[in-house]
Amino acid sequence: GQQLNQSPQSMFIQEGEDVSMNCTSSSIFNTWLWYKQEPGEGPVLLIALYKAGELTSNGRLTAQFGITRKDSFLNISASIPSDVGIYFCAGQSYTSGTYKYIFGTGTRLKVLA
Amino acid sequence: DGGITQSPKYLFRKEGQNVTLSCEQNLNHDAMYWYRQDPGQGLRLIYYSQIVNDFQKGDIAEGYSVSREKKESFPLTVTSAQKNPTAFYLCASSRASSIEAFFGQGTRLTVV
């Protein structure tokens, strides 16, 4: 099955640093979503992007929908310890009247205090 | 409060037995999904359903079965045919015309 390529796979950063991660696909998507998953829990939606070129913020998080519609970026500014978790991108496809979500492989973030 | 409830949170199964994972939502969402997550990997789609009494196979449906008799419920059965069933299973739902999918807290299945 298709999965999106997400990078980096993991990162260790110091508290206060900015974080950048990205997600790429060989297919075009109409919507990009970014989720955060904490250990033992289900993913929680952070940001949804609806059109190419869109730049959306949610607090310290900023995400962009790539112009080619094949990629998306997530930035976290001034990281704090509670930012720890796995960040997933997801692209939504719509075919034959059904919606499907294709997920990235995840970026595991660890913040060092 | 509206949300998606998965139960149980932890489940142990003997090899060769079927087991059913529960997923209930009170968000009035039309679409529901089951994903499997293995350590260090992303989410892989098992089955999904857009409306009651209808469902489609995802990328890794072999060894699994589902039913959608009610809008609120989408149980997943892991059968003995699933060769490697130990994993974290996540259920999600969305409005049919919506973009965002919302997840339950997951069920960790361990085959012993």
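See above for the structure.
Bear in mind that the values here come from a model prediction, so they are computed numbers and not experimental data.

Q: Summarise the sheet that holds strand S1 (residues 4-7) of chain B; cite the residues concerned and give the values.
A: Residues and elements named next belong to chain B. A sheet is described by the order of its strands in space; here 4 strands give the open sequence S1-S3-S8-S7, paired in antiparallel fashion. Where the open sheet ends on each side, the last strands, each with one partner, are S1 and strand S7 (64-66). If you compare each strand with its neighbour and ignore which way they point, the axes differ by 20° on average.

Q: Outline the interface of chain A and chain B, listing residues and values.
A: Counting residues at the interface gives 25 residues for chain A, matched by 26 residues for chain B. Between chain A and chain B the total buried area reaches about 2,100 Å² when both faces are included, carbon and sulfur atoms providing 53% of it. Put simply, chain A and chain B have 1 salt bridge between them. The partner of Glu41(A) in a salt bridge is Lys9(B), with the nearest N and O atoms 4.0 Å apart.

Q: Report on the state of the cysteines, specifying residues and quantitative values.
A: Under the criterion given, the structure shown has 2 disulfides over all chains. Linked covalently through their sulfurs, Cys23(A) and Cys89(A) form a disulfide whose S-S length is 1.8 Å. Classification of the bridge connecting Cys23(A) and Cys89(A) rests on its S-S torsion, roughly 50°, and on that basis the disulfide is right-handed. Residue Cys23(A) is found in strand S3 (residues 19-24), and its partner Cys89(A) is found in strand S9 (residues 85-95); the two are separated by 66 residues along the sequence. We note that Cys23(A), like Cys89(A), is buried. Sulfur-sulfur distance for the disulfide between Cys23(B) and Cys91(B) comes to 1.9 Å. Taking the torsion about the sulfur-sulfur bond, which here is approximately -75°, the covalent link between Cys23(B) and Cys91(B) counts as left-handed. Of the two residues, Cys23(B) is situated in strand S3 (residues 19-25) and Cys91(B) in strand S9 (residues 87-94); the sequence distance between them amounts to 68 residues.

Q: Now, about the pairing of S1(B): what can you tell me, with residues and values included?
A: Remember that side chains alternate between the two faces of the sheet whenever the strand is regular. All names here are of chain B. Burial along S1 is one-sided: Ile-4 and Gln-6 are buried, and none of Thr-5 and Ser-7, which face the opposite way, are. Bridging between S1 and S3 involves 4 bridges; their strand directions are antiparallel. When the sheet's bridge partners are listed, Ile-4 is paired in S3 with Gln-25.

Q: I'd love a proper account of the sheet that holds S3(A), names of residues and values included.
A: Residue and element names in this part refer to chain A. If you walk across this open sheet you meet the 5 strands as S1-S3-S8-S7-S6, and the pairing is antiparallel. Each having just a single partner strand, strand S1 (5-7) and strand S6 (55-58) make up the two edges of the open sheet. Neighbour-to-neighbour, the strand axes of this sheet turn through a mean angle of 15°, independent of strand direction. Pairing analysis gives 4 bridges linking S6 to strand S7 (residues 61-65), with the strands arranged antiparallel.

Q: Tell me what's going on with the pattern of salt bridges, and back it up with residues and numbers.
A: A pair can form between side chains of opposite charge whenever their charged atoms are brought close. Residue and element names in this part refer to chain B. Within the structure shown, the criterion is met by 6 salt bridges over all chains. Where Arg-36 meets Asp-38, a salt bridge forms, and the shortest distance between an N and an O atom there is 2.9 Å. Judged by relative accessible area, Asp-38 falls into the buried class, the value being 9%. If you follow the salt bridges from partner to partner, you end up with Arg-36, Asp-38 and Arg-44 in one network.

Cut-offs and rules
Residues numbered from 1 in each chain as written. Chains lettered and ligands numbered in written order. Predicted model: local features only at pLDDT ≥ 70, side-chain atom pairs only at ≥ 80, totals over all residues. Heavy atoms only, no water. Pairing = 2+ DSSP bridges. Helix = DSSP H or I, 4+ residues; strand = E, 2+ residues; numbered from the N terminus. Axes fitted to C-alpha atoms, helices over the stretch in contact; angles between N-to-C directions. Contact = heavy atoms within 4.5 Å. Buried area = accessible area lost by both parts, 1.4 Å probe. Salt bridge = Lys/Arg side-chain N within 4 Å of Asp/Glu carboxyl O. Disulfide = S-S within 2.5 Å. Buried < 20%, exposed > 50% of the residue type's maximum accessible area, 1.4 Å probe, protein only.

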